[in-house]
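# Per-entry structural report
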Amino acid sequence: MDKVILKPRREESLLRFHPWVFSGAIGQIVGHPAEGDLVSVCAADGKLLACGHYQIGSIAVRILSFDEDPTLPDFWERMLLRAFQLRDAFGLTQSARTNCYRLVHGEGDGLPGLIIDYYDGVCVLQAHSVGMFRAKTAICEALKTVYGERLKAVYDKSSGTAPFKAGLELVDGYLYKADGFVTSKDELVVLENGNKFLVNWQEGQKTGFFLDQRENRAAVGRLAEGRHVLNLFCYTGGFSVYALAGGAAHVDSVDSSQRAMDMVDRNVALNGFTPDRHTSYCADAIDFIKKVPDGAYDLVIVDPPAFAKHRGALKNALRAYQRLNAAAIAKVAPGGFVFTFSCSQVVDKEAFALAVFSAAAESGRSVRILDRLNQPADHSVNIYHPEGEYLKGLLLYVE
Ligand code: SAH
């Protein structure tokens, strides 16, 4: 294994188990590691600190192990089993009502650069680093061991996430298909809290479904009875289906993607709701909310895509969150609820709350925070890597 030697006094963050080595902390590289190779990381005095995947870029090493040897043949199996056991511990793997969840959440599961979502036996893998991309066959083998007969397929969807480097063939496709698994449509119906959803991992966004909103959707369901609901940035209608199941009088769903809106209609029908309780709009959510008459809705969900993908975009993103939330708060009927979210990692809880505060102040209405919302436990956050916390939301009560 080639060796990365840190500059003097640059080992602090590794000693606190932060899983990244920045290129600026490196004093010397012994050997000629290729991108994605395993390297050992040593302090300036030569003490071995950790091992990880090497990559050229600002994050030079993504740590896989502070103690165990990641070259041991059962490494992937042990790590995936740990991830599985965590999901098992809070009842996700055995549930009769939910058969989809995130199995691996990158750094949160000690596997930086790797996402694996589980859809009733189909694992969709996304590598965000060269090392994980190169390890995908070994990861697929480990998935077979962890899930056994339950595994129907493993689909690699890394073309949009793995860094494009010479020699990497970024073509999505199946790494494994169990005998009899039919893939003509690349989609199946999963259950989430008893609600049915079509997931298409090939054509859908990310791995096909936003598993991180499971608990927040349930919260919407609990408050939806008798309400007129507006679901902005609805994607395939997760919040809409829960609202209908919770007894909403009517739900309007809005997304700019026609493909997503087609899925919303199919998901509403799949769950047995009649079309008179639901209307789909393929539209820009910001234009849509501006044209809504005051008080037309008494529950509004605002779940936009990440407005800031990097620190440089932070200021504009905060302004966009403020504008969007000001419109939502201004329009909701007195006594109404607003569920508002941000999935931008660089926008922290405090900054988001401040943007929503400014939006409320702009509206001049009485607004109370009833709850603070988060990503669920299968999107686990490594306490040594707070950057893993990305989804935040507020439940507002507006008078
Ligand atoms: N709430 C969804 C996830 C939202 S992801 C769920 O529970 O599954 C963000 C969505 O916003 C995507 O579906 C994307 O197509 C949509 N989107 C992005 N920009 C938009 C815009 N300007 N207007 C409406 N929808 C938009």
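Residues numbered from 1 in each chain as written. Predicted model: local features only at pLDDT ≥ 70, side-chain atom pairs only at ≥ 80, totals over all residues. Heavy atoms only, no water.

## Some words on the environment of Arg82
Tracing the sequence through the fold places Arg82 in helix α2 (residues 75-89). Of the residues examined, Arg82 reaches a relative accessible area of 53% and is grouped as exposed. Spatially, the C-alpha atoms of Arg82 and Val104 are 9.7 Å apart, while their sequence positions differ by 22 residues. (Helix = DSSP H or I, 4+ residues; strand = E, 2+ residues; numbered from the N terminus. Buried < 20%, exposed > 50% of the residue type's maximum accessible area, 1.4 Å probe, protein only.)

## Section: the sheet that holds strand β1 (residues 2-6)
Pairing in this open sheet of six strands is mixed, and the strands run β2-β6-β5-β4-β1-β3 from one edge to the other. One side of each edge strand has no neighbouring strand; the edge strands of this open sheet are β2 (20-22) and β3 (26-30). Put simply, the sheet's adjacent strands are angled 35° from each other on average, direction ignored. (Pairing = 2+ DSSP bridges. Axes fitted to C-alpha atoms, helices over the stretch in contact; angles between N-to-C directions.)

## Notes on the packing of helix α9 (residues 314-331) against helix α10 (residues 349-363)
Running from N to C, α9 and α10 point in directions that differ by 45°, and their axes come no closer than 8 Å. Between α9 and α10, the crossing angle belongs to the class labelled oblique. When you trace α9 past α10, the crossing you get is right-handed. Across from Leu318, Tyr321, Gln322, Asn325, Ala326, Ile329 and Ala330 in α9, the residues of α10 making contact are Ala351, Phe352, Ala355, Val356, Ser358, Ala359, Ala360, Glu362 and Ser363. (Parallel < 35°, antiparallel > 145°, perpendicular 65-115°, else oblique. Left-handed = near helix turned anticlockwise from the far one by under 90°. Contact = heavy atoms within 4.5 Å.)

## Structural notes on the nonpolar core
Considering soluble globular proteins, one finds that nonpolar side chains tend to be buried as a cluster. Tyr119, Val122, Trp201, Leu299, Ile301 and Phe339 are the most contacted members of the largest nonpolar core, which has 40 residues in total. Among the elements that make up this core, the one with the highest residue count is helix α6 (residues 238-245) (five residues). For this core, the domains that each give at least three residues are domain 2 (75-189) and domain 3 (210-398). The next biggest cluster of nonpolar side chains, apart from the first, holds 33 residues, and it includes Phe84, Tyr101, Ala127 and Met132. (Core = buried A, V, L, I, M, F, W, Y, C linked by side-chain atoms within 4.5 Å. Domains from an automatic or database assignment.)

## Notes on the sheet that holds strand β10 (residues 153-156)
Pairing in this open sheet of five strands is mixed, and the strands run β7-β8-β9-β10-β11 from one edge to the other. Looking along the sheet, the strands with just one partner apiece sit at the ends: β7 (100-105) and β11 (173-177). The average undirected angle you get between the axes of adjacent strands in this sheet is 20°. Here four bridges tie β10 to β11, and the two strands are oriented antiparallel to one another. Of the residues in β11, the one forming a bridge with Tyr155 is Tyr174.

## Side note on the packing of helix α5 (residues 214-223) against α6
When two helices pack together, you describe them by how their axes are tilted relative to each other and by the distance separating the axes. At their nearest, the axes of α5 and α6 sit 7 Å apart, and the two run at 35° to each other. Crossing geometry of α5 relative to α6 is assigned as right-handed. Within the contact between the two elements, α5 uses Arg214, Asn216, Arg217, Ala218, Val220 and Gly221 and α6 uses Gly238, Phe239, Tyr242 and Ala243. Taken together, the residues of the contact of α5 with α6 break down into five nonpolar, three polar and two charged. (Nonpolar A, V, L, I, M, F, W, Y, C, P; charged D, E, K, R; others polar.)

## Regarding the packing of aromatic side chains
Enumeration over the complete set of coordinates arrives at 17 aromatic pairs. Ring plane angle 55° and centroid distance 5.1 Å describe the contact between Phe17 and Tyr384, whose orientation is recorded as tilted. Of this pair, Phe17 sits in the loop between α1 (12-15) and β2 while Tyr384 sits in the loop between β19 (367-374) and β20 (392-398); the two residues are 367 residues apart in sequence, bridging distant segments of the chain. Taking the relative accessible area as the measure of exposure, Phe17 reaches 36% and is therefore partly exposed. Each ring, one from Tyr118 and one from Tyr147, has its centre 4.6 Å from the other, and the planes form 20°; the classification is stacked. Of this pair, Tyr118 sits in strand β8 (residues 114-119) while Tyr147 is found in helix α4 (residues 136-147), placing the two residues 29 residues apart along the sequence. (Phe/Tyr/Trp six-rings, centres within 6.5 Å; stacked < 30°, edge-to-face > 60°.)

## A few points about the site of the ligand
The local shell around the ligand holds 15 residues, among which Arg217, Asp255, Asp284, Ala285 and Asp303 are the closest. Between the ligand and Asp284 there is a distance of 3.0 Å, counted from a nitrogen atom to a side-chain nitrogen or oxygen. Taken together, the residues that form the shell around the ligand break down as eight nonpolar, three polar and four charged. (Near = heavy atom within 4 Å. Polar contact = N/O pair within 3.5 Å; in protein donor to acceptor, adjacent residues only side chain to side chain.)

## Some details on the environment of Ile29
Note on placement: Ile29 falls in strand β3. For Ile29, a relative accessible area of 31% corresponds to the partly exposed category. Sequence-wise, Ile29 and Val4 are 25 residues apart; in three dimensions their C-alpha atoms are separated by 4.6 Å. With near-sequence residues (within four places) excluded, Ile29 lies in contact with Lys3, Val4 and Tyr54.

## Quick notes on the environment of Glu225
With respect to the helices and strands, Glu225 occurs in the loop between α5 and β14 (228-232). Ignoring anything within four residues of it in the chain, the contact list for Glu225 reads Gly246, Gly247 and Ala248.

## Quick notes on unusual backbone geometry
Here Asp120, not a glycine, exhibits a phi torsion of approximately 40°, which is positive. Looking at the element boundaries, Asp120 is found in the loop between β8 and β9 (122-127). Here Asp120 falls in the partly exposed class, since its relative accessible area comes to 26%. Phi at Phe233 is positive, roughly 60°, even though this residue is not glycine. Following the sequence through the fold, Phe233 ends up in the loop between β14 and α6. On the basis of relative accessibility, which here comes to 17%, the residue Phe233 falls in the buried class.

## Some thoughts on the pairing of β7
The element β7 is largely enclosed, with a buried count of six among its six residues. As paired strands, β7 and β8 are joined by five bridges and run antiparallel to one another. Looking across to β8, one finds that His105 is bridged to Ile115.

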